[in-house]
Amino acid sequence: MSVHVIEYKDGAKTMRPIQSFKEFAALRNSKQNREMTQQARNGNADGKRRMIQFNYSCMPNDGKLKGATVESNSVGMDVDFQAGMDKEEFQRQFDIVKENILAKADELGLLMLERSATKGLHVVFRRHPEMSQEENLKWASKMLGVEADPAAKDITRVFFTPTADAQDLFFCKDELFINEAAEGKKEERTKATAETATEAKPEAEAEKAAETEKAAEAQSAAEGDTIYFGYNFTKI
């Protein structure tokens, strides 16, 4: 799982890990981000470009976003709705999709759900390391009955992010802030079509158990795996 805020240094996009929900909410609720969110919702494209940006699918390349190739343990997905719908129909479909995602949170491995900059949803879920980024997106899309943005399948995809208010942020788990790379991804894909019974299997199982225990300890340290359901964090 991971969440990195995108910052600019000498004209290049850099990535800084976010360590807690408090920090995550404070960035989203800054005065500038509130103003830019409102401008974006009013149709101002420049306002959208100036909103806070986060990445959920990769680890930094020497601190930078460009050239990043290491996947994290989470996947960010952009869900858009059909253009041209009137306000009432959009809201009806938006609520149906949102509630369906929340109802399938455990099955999906949901980590975060929010409204996008304008008319859409951002979904972050636990990565299946044996699948590619695109395969993970297709898996989630099929489960949820939605179509992921086909232009948003790269692990370096950034998400323009609104406030942490109840009308924008619907779900967030502290597990998101562990910030770890996906482990064993390449090995698992290589072995996907090979024989599973090998002499090294007991050793691999022991190693996997140790990694699971380590991840559980890290998660326990993240303030009890708190789940935030649309609470207004304006004052954080």
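In this report, the structure presented in the accompanying data block is examined. Not measured: the values here are computed from a predicted model.

What counts and how
- Residues numbered from 1 in each chain as written.
- Predicted model: local features only at pLDDT ≥ 70, side-chain atom pairs only at ≥ 80, totals over all residues.
- Heavy atoms only, no water.
- Phe/Tyr/Trp six-rings, centres within 6.5 Å; stacked < 30°, edge-to-face > 60°.
- Helix = DSSP H or I, 4+ residues; strand = E, 2+ residues; numbered from the N terminus.
- Buried < 20%, exposed > 50% of the residue type's maximum accessible area, 1.4 Å probe, protein only.
- Lys NZ or Arg CZ within 6 Å of the ring centre and 35° of its normal.
- Pairing = 2+ DSSP bridges.
- Axes fitted to C-alpha atoms, helices over the stretch in contact; angles between N-to-C directions.

### Topic: the packing of aromatic side chains
Next, step 1: Scanning the entire structure with this criterion turns up 10 aromatic pairs.
Next, step 2: Judged by centre distance (5.5 Å) and plane angle (45°), the ring pair of F90 and F94 falls under tilted. You can see F90 and its partner F94 sitting in helix α4 (residues 87–103), 4 residues apart, about one turn around the helix. Accessibility classification places F90 together with F94 in one group, the buried group.
Next, step 3: One aromatic cluster is present, built from ring pairs that chain together F21, F24, F54, Y56, F159 and F177.
Next, step 4: Here K98 stacks its cationic end above the ring of F170, 4.6 Å away from the centre of that ring.
Next, step 5: For the cation-ring pair, K119 lies above F90, with the distance from its terminal atom to the ring centre recorded as 5.3 Å.

### Considerations on the sheet that holds strand β3 (residues 52–55)
Strands in a sheet are paired, the pairing made by backbone hydrogen bonds, and the direction either parallel or antiparallel.
Next, step 1: A sheet is described by the order of its strands in space; here 4 strands give the open sequence β2-β1-β3-β7, paired in antiparallel fashion. Either end of the sheet is taken by a strand with one partner, and the two such strands are β2 (12–17) and β7 (159–161). Adjacent strand axes in the sheet meet at a mean angle of 45°, parallel and antiparallel pairs treated alike.

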